[in-house]
Amino acid sequence: MKTDPDLRQYRIAIVIGVDYKIQHFIPGLAPDDPRTVLRLRFHDFLREITGYPVDVICEEAKHGLVSIAETVADREHLRYCNIEMSPQRRAELGIPLSFTTDVPRSDFPSEQMAKWNALRESHMVDGLLDAVADARVLIVICRVSQMPVFMEALQSKFARVEPHDVTAMRWFDRSLL
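Time to look at the environment of Lys157. Mapping Lys157 onto the fold places it in the loop between α5 (147-154) and β5 (160-165). The sequence separation of Lys157 and Leu97 amounts to 60 residues, and the corresponding C-alpha distance is 32 Å.

Turning next to unusual backbone geometry. Although it is not a glycine, His77 adopts a positive phi angle of roughly 60 degrees. Its place among the elements puts His77 in the loop between α2 (68-75) and β3 (79-82). Taking relative accessible area as the criterion, His77 reaches 73% and is therefore assigned exposed.

In this section: the packing of helix α4 (residues 110-131) against α5. Orientation of α4 relative to α5, taken along the N-to-C sense of each, is 40 degrees, at an axis distance of 10 Å. Judged by the angle between their axes, α4 and α5 are oblique. For the crossing formed where α4 meets α5, the hand is right-handed. Listed contacts from α5 to Glu121, Met124, Val125, Leu128 and Leu129 of α4 are Val149, Phe150, Ala153 and Leu154.

Here five strands make up an open sheet; going across it, the order is β3-β2-β4-β1-β5 and the pairing parallel. Two strands bound the open sheet, and with one partner strand each, they are β3 and β5. In this sheet, neighbouring strand axes are inclined to one another by 15 degrees on average, regardless of whether the strands run parallel or antiparallel. Across the sheet, helix α1 (residues 34-49) touches β1 (12-18), β4 (137-143) and β5, and the angle it forms with β1 is around 175 degrees.

Cut-offs and rules
Residues numbered from 1 in each chain as written. Predicted model: local features only at pLDDT ≥ 70, side-chain atom pairs only at ≥ 80, totals over all residues. Heavy atoms only, no water. Helix = DSSP H or I, 4+ residues; strand = E, 2+ residues; numbered from the N terminus. Buried < 20%, exposed > 50% of the residue type's maximum accessible area, 1.4 Å probe, protein only. Axes fitted to C-alpha atoms, helices over the stretch in contact; angles between N-to-C directions. Parallel < 35°, antiparallel > 145°, perpendicular 65-115°, else oblique. Left-handed = near helix turned anticlockwise from the far one by under 90°. Contact = heavy atoms within 4.5 Å. Pairing = 2+ DSSP bridges.

In short, shape yes, function no, at least from these values alone.
The structure is reproduced here in structure tokens:
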């Protein structure tokens, strides 16, 4: 009797935590502007990681803008999936577009913010798991605060889940965001 091999042992997930402001180039800045240089360093970091035989890049990114990761995926001919909840879905669920987990002082009650964040996380995890069903090597880019959620979700599917916190790297400079 033939059994299917457990391919999980060959699967790798790379979870990259970022400050969302680094995910897009700033239009109109000169190539040698330090803010552009920081984003180019992030671009180079992603290109280095795609040295693995990456199958798909998933990203929690603002809809309507082309991200640096999307540019890398396109250039490297990789599948790309934006797992962030679309503005339409947010509206269906009653989540205001102005709601973000990165604003410490908010007009929204903390209980409501926790509920909305749980809905967003659930949506993103579901989208991530759908997108990576057949992937052997995955890159997921998310806010640093979301890393534990994605890592936990991926551990049942991938033998190795490698975290990388871009905000803790030597070349990262928060003042240039």
